[in-house]
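# Understanding the architecture of this molecule
What follows is the residue order along each chain.
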Amino acid sequence: MMRDRPALRGSPFLASILVAVLIFLNAPVVVLMIFAFNNSPIAYTWTGFTLKWFQELASDRMLVTWGHSFIVSICVVVVSTIVGTMAAYGLVRYSFRAKPLVLALVFIPIIIPRMIVGLAVLLMLNYLGVPRSLFTVGLGQTFYVLPFVTIVVASVIVTFDRRLEEAALDLGARPWTVFRRVTLPLIKNGVYAGALVAFILSFAEFTISYFLSGTKQTLPTLIYSEFRFLITPKINALSTTIVIITVIFTIGAELIRQRRALGAQQ
Amino acid sequence: MLGPLTIMVVYSLWRVENFSVVQNVSFDNYAYLIGSPIYIWLTAKALLYGAIVTIVTLIISVPVAYFMARHIGPRKGLVVTAILLPLYTSELIRYFAWRTILGTEGMLNGALLRLSVISEPIEMLSFSPVAVIISLVHVYLPFMILAIWVALEALDPALLDAAMDLGARPIRMFGKIVLPLAMPGIIAGVLFVFIPVTGEFFGVNMMGGTTGFTITNAINDQFTSAFNWPLGSALSYMLLLSIGVVVAVFLVIVSRLRMVRNYVGREV
């Protein structure tokens, strides 16, 4: 308590800045969600509560697009989590001559604007004669998501005691067994967190998907093509649904992780 | 990613004649770009947006990150979640949200009219550089706050107490202790914000209308309507190169700052 006192002097001011920032960050989305239940077709005059915009969302086309989004995101999560974990493990644990090259390969998409990532992949696909599809969307998203997964997993790998692995090796365990029985359980939380980050980034990704999607669309590209010129409350309803489902997904993943952790302790 | 980027370099050296790509290697595209004031101005505009948004987010983030690292103990998880929450929604949806808030018939104008603060809707709010900057700050602020916060978490409160006991004034303490420690986070945050904002396409396009036109719109036009992919590739590399130059200059300046030199020196 004593230690905190000196710096507390400036804190009412700082606290109010923090509150203002939190409001600024969250208000637009909250406003959007409230007006998803607004009866009026004109965007921002409240005339009464309704669920009709949500009912309009239940069209076949919309449901198919939800399916596309989930398929793409789940593939991106699986691939980027596996590759990202391997990359993180290799980069933290081993030094090898091609290390700068691997670093560059993994981290270039993070230091390049996403539009250019999308266009460069588009040029490559064109060069190879691959037509645009959900697969190419997933490919582009994986490039973009991979560095984030790698960073998250690597941040956990650097914290654990390397001697645990060495001990297992000394006791005669094979490298793969060591990875599976010692390393993986220790970095499990990092891998989960990485997968979650991958899902959130991929599900909301728009710029790369826009340049790489063919006739089948994901949710953000559908939103762009449907509502670009005409904003209706339907977009509020759709956005609300997306936010709620993403949050449920996140909380669900967290609950599963905690139950697994409890199970492991017992 | 190296593959696609290499193909892009190759494309940028080709040419379009009679609506088809001619695979003759030349630097004509680049020569053309250097000689055209429009493309140079559009690139400068993109860099300007990048710089403004970076500076605004930096000014907001330093006090917020400091407060988070120092003063909120048990509620930290909650605050971090509240900062991350907007990231769960696609940036596209957030641009739509800002468009309806800032639009001529939008919420803000409506509220101001009702409160009689203004008598006519402010046209400036929508499709203006101000709208672009507000919405881009909104989208990229979480990255800056988190980067600086992570760096400041390492700040030992005892350092500040010691400085206080020795009679240092808050501003001096901030300059001598907090800022140097925050520097790695600030550098990371600046890169995380400046690069994507400079290369932002949909944000400037949707929020700025014609005033928001930057080099990214020109790149998009070459790829989607003019079908001059070689020129589009050359434009992309012009953008990447100018971002690279600005980032390099920034890093050189930062590494010469006395506080960073002192800090690094002490570590070694």
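Only a predicted model underlies this, so the values are computations on that prediction, with no experimental measurement involved.

For the rest of this paragraph, the subject is the overall build of chain A. Tallying secondary structure elements over chain A gives twelve helices and zero strands in all. Evaluated residue by residue, chain A yields a buried proportion of 37% over its 266 residues. Contacts spanning at least 24 positions in sequence make up 77% of the contacts within chain A whose residues lie at least 6 apart.

Across its full length, chain B carries 13 helices and two strands. Here chain B holds 268 residues, and 43% of them are scored as buried. In chain B, of all internal contacts separated by at least 6 residues, the share reaching a separation of at least 24 is 73%.

What follows concerns the environment of Phe 143 of chain A. Residues and elements named next belong to chain A. For Phe 143, the location among the structural elements is in helix α7 (residues 134–157). A count of 24 C-beta atoms within 10 Å places Phe 143 in the buried class. Put simply, Phe 143 and Lys 216 are 73 residues apart on the chain and 20 Å apart in space, counted from C-alpha to C-alpha.

Let us look at the interface of chain B and chain A. Opposite the 57 residues of chain B that make contact, chain A presents 51 residues. Considering each element in turn, the side of chain B that touches chain A owes the most residues, ten residues, to helix α5 (residues 91–102) of chain B. Here the side of chain B that touches chain A is composed, by residue class, of 39 nonpolar, 13 polar and five charged.

Turning our eyes to something else, we now look at the nonpolar core. Of all hydrophobic cores here, the largest spans 131 residues; its most connected members are Ala 65, Ile 148 and Leu 235 of chain B. Aside from chain neighbours lying at most four places away, what touches Ile 148 of chain B is Ser 61, Val 62, Ala 65, Ala 182, Gly 185, Ile 186 and Gly 189 of chain B.

What follows covers the packing of helix α4 (residues 60–93) of chain A against α7 of chain A. Residues and elements named next belong to chain A. Running from amino to carboxyl end, α4 crosses α7 at an angle of 40 degrees, the nearest separation of the two axes being 6 Å. When the interaxial angle is binned, α4 and α7 end up oblique. Crossing angle aside, the handedness with which α4 passes α7 is right-handed. Its residues assigned to classes, the contact of α4 with α7 comprises 19 nonpolar, nine polar and no charged.

The residue Trp 229 of chain B is located in helix α12 (residues 229–256) in this model. The sequence separation of Trp 229 of chain B and Trp 14 of chain B amounts to 215 residues, and the corresponding C-alpha distance is 8.9 Å.

Residues and elements named next belong to chain B. Checked against the element boundaries, Val 193 lands in helix α9 (residues 170–198). Take Val 193: there are 26 C-beta atoms within 10 Å of it, and that puts it in the buried class. Measuring from C-alpha to C-alpha, the distance between Val 193 and Ala 51 comes to 9.1 Å, with 142 residues separating the pair along the chain. In this structure Val 193 touches Val 53, Thr 54, Thr 57, Tyr 140, Phe 143 and Met 144, once residues within four positions along its chain are discounted.

Look at helix α2 (residues 11–34) of chain A against helix α7 (residues 129–152) of chain B: their axes get within 10 Å of each other, and the N-to-C directions meet at 130 degrees. Here α2 of chain A is positioned oblique relative to α7 of chain B, judged by the angle of their axes. For the pair α2 of chain A and α7 of chain B, the crossing hand works out as left-handed. Between α2 of chain A, through Phe 24, Leu 25 and Pro 28 of chain A, and α7 of chain B, the contact on the second element is made entirely by His 138, Leu 141 and Pro 142 of chain B. Split into classes, the residues belonging to the contact of α2 of chain A with α7 of chain B amount to five nonpolar, one polar and no charged.

We now examine the confidence of the model for chain B. Residues at a pLDDT of 70 or more form 88% of chain B, whose mean pLDDT is 80. ipTM for the predicted complex: 0.80, alongside a pTM of 0.82.

Next up on the list: the confidence of the model for chain A. In low-pLDDT segments, the atomic positions of the prediction should not be examined closely. Residues of chain A with pLDDT of at least 70 account for 92%, and the chain-wide mean is 82. The model gives residues 1–9 of chain A a pLDDT under 50, and that stretch makes seven contacts with residues more than four places away or in other chains.

Cut-offs applied
Residues numbered from 1 in each chain as written. Chains lettered and ligands numbered in written order. Predicted model: local features only at pLDDT ≥ 70, side-chain atom pairs only at ≥ 80, totals over all residues. Helix = DSSP H or I, 4+ residues; strand = E, 2+ residues; numbered from the N terminus. Buried ≥ 20, exposed ≤ 12 C-beta atoms within 10 Å, placed from the backbone. Contact = placed C-beta atoms within 7 Å. Nonpolar A, V, L, I, M, F, W, Y, C, P; charged D, E, K, R; others polar. Core = buried A, V, L, I, M, F, W, Y, C linked by C-beta atoms within 7 Å. Axes fitted to C-alpha atoms, helices over the stretch in contact; angles between N-to-C directions. Parallel < 35°, antiparallel > 145°, perpendicular 65-115°, else oblique. Left-handed = near helix turned anticlockwise from the far one by under 90°. pLDDT = per-residue confidence, 0-100.

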